[in-house]
Amino acid sequence: MNKVNSEQPDITDNDMLPEYDFTDGVRGKHYQAYRRGHTVTIHQADDTTVVQHFTLEDGAVMLDPDVREYFPNGETVNQALRTLISLFPKNHESITPESAE
């Protein structure tokens, strides 16, 4: 049975239908697992199944949503990091959360 929420705001996005109920949804529930890699199983009409496993390419970095607001593409990220790198001493030591403490 559909649960109707009388306090639901008007829906302006045509993709979000009134019967979609995310009241008990948990944002980011699968976030960490997705970053480690994920498997997609596609069930074809001819009863065959295709399984694909996706991981980040070596050297790829996934930006958190709050960071993406400021750096929407690779060019802006690289420019900001090059500016930051210019502030480091010339010994080229890698900066990690452990070494920054």
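Rules used in this analysis
Residues numbered from 1 in each chain as written. Predicted model: local features only at pLDDT ≥ 70, side-chain atom pairs only at ≥ 80, totals over all residues. Heavy atoms only, no water. Helix = DSSP H or I, 4+ residues; strand = E, 2+ residues; numbered from the N terminus. Buried < 20%, exposed > 50% of the residue type's maximum accessible area, 1.4 Å probe, protein only. Contact = heavy atoms within 4.5 Å. Areas by Shrake-Rupley, 256 points an atom, 1.4 Å probe, with all protein chains shown as cover. Pairing = 2+ DSSP bridges. pLDDT = per-residue confidence, 0-100. Expected span 1.5 Å × (residues − 1). Polar contact = N/O pair within 3.5 Å; in protein donor to acceptor, adjacent residues only side chain to side chain.

**A few points about the overall build of the protein chain**
Then comes step 1: Of the regular secondary structure elements, the protein chain holds three helices and two strands.
Then comes step 2: Listing each helix as α and each strand as β along the protein chain from the N terminus yields α-β-β-α-α.
Then comes step 3: Sorting the 101 residues of the protein chain into buried and exposed places 3% on the buried side.
Then comes step 4: Within the protein chain, contacts between residues at least 6 apart in sequence are counted, and of these 10% link residues at least 24 apart.
Then comes step 5: Within the structure as shown, the protein chain displays about 10000 Å² of accessible surface, and the carbon and sulfur contribution to it stands at 53%.

**With respect to the pairing of strand 1 (residues 38–43)**
On any regular strand, side chains alternate: one points to one face of the sheet, the next to the other face.
Then comes step 1: Where strand 1 lies against strand 2 (residues 49–54), six bridges are found, and the strand directions are antiparallel. Note that in strand 2 the partner of T41 across the bridge is V51.
Then comes step 2: Following strand 1, the chain reverses through five residues before pairing antiparallel with strand 2; D47 in that reversal takes a positive phi of roughly 70°.

**Some remarks on the confidence of the model for the protein chain**
Low pLDDT means the predicted atomic positions in that stretch should not be read closely.
Then comes step 1: Residues at a pLDDT of 70 or more form 76% of the protein chain, whose mean pLDDT is 80.
Then comes step 2: Helix 1 (residues 31–36) is the least confidently modelled element of the protein chain, averaging 79 in pLDDT, while helix 3 (residues 74–85) averages 93, the highest of any element.

**Thoughts on helix 3**
Then comes step 1: Between its terminal C-alpha atoms helix 3 stretches 16 Å, which fits the 16 Å expected from 12 residues at 1.5 Å a residue.
Then comes step 2: The residue sitting at the N-terminus of helix 3 and contributing the capping side-chain oxygen is N73; that oxygen lies 3.2 Å from the backbone nitrogen of E75.

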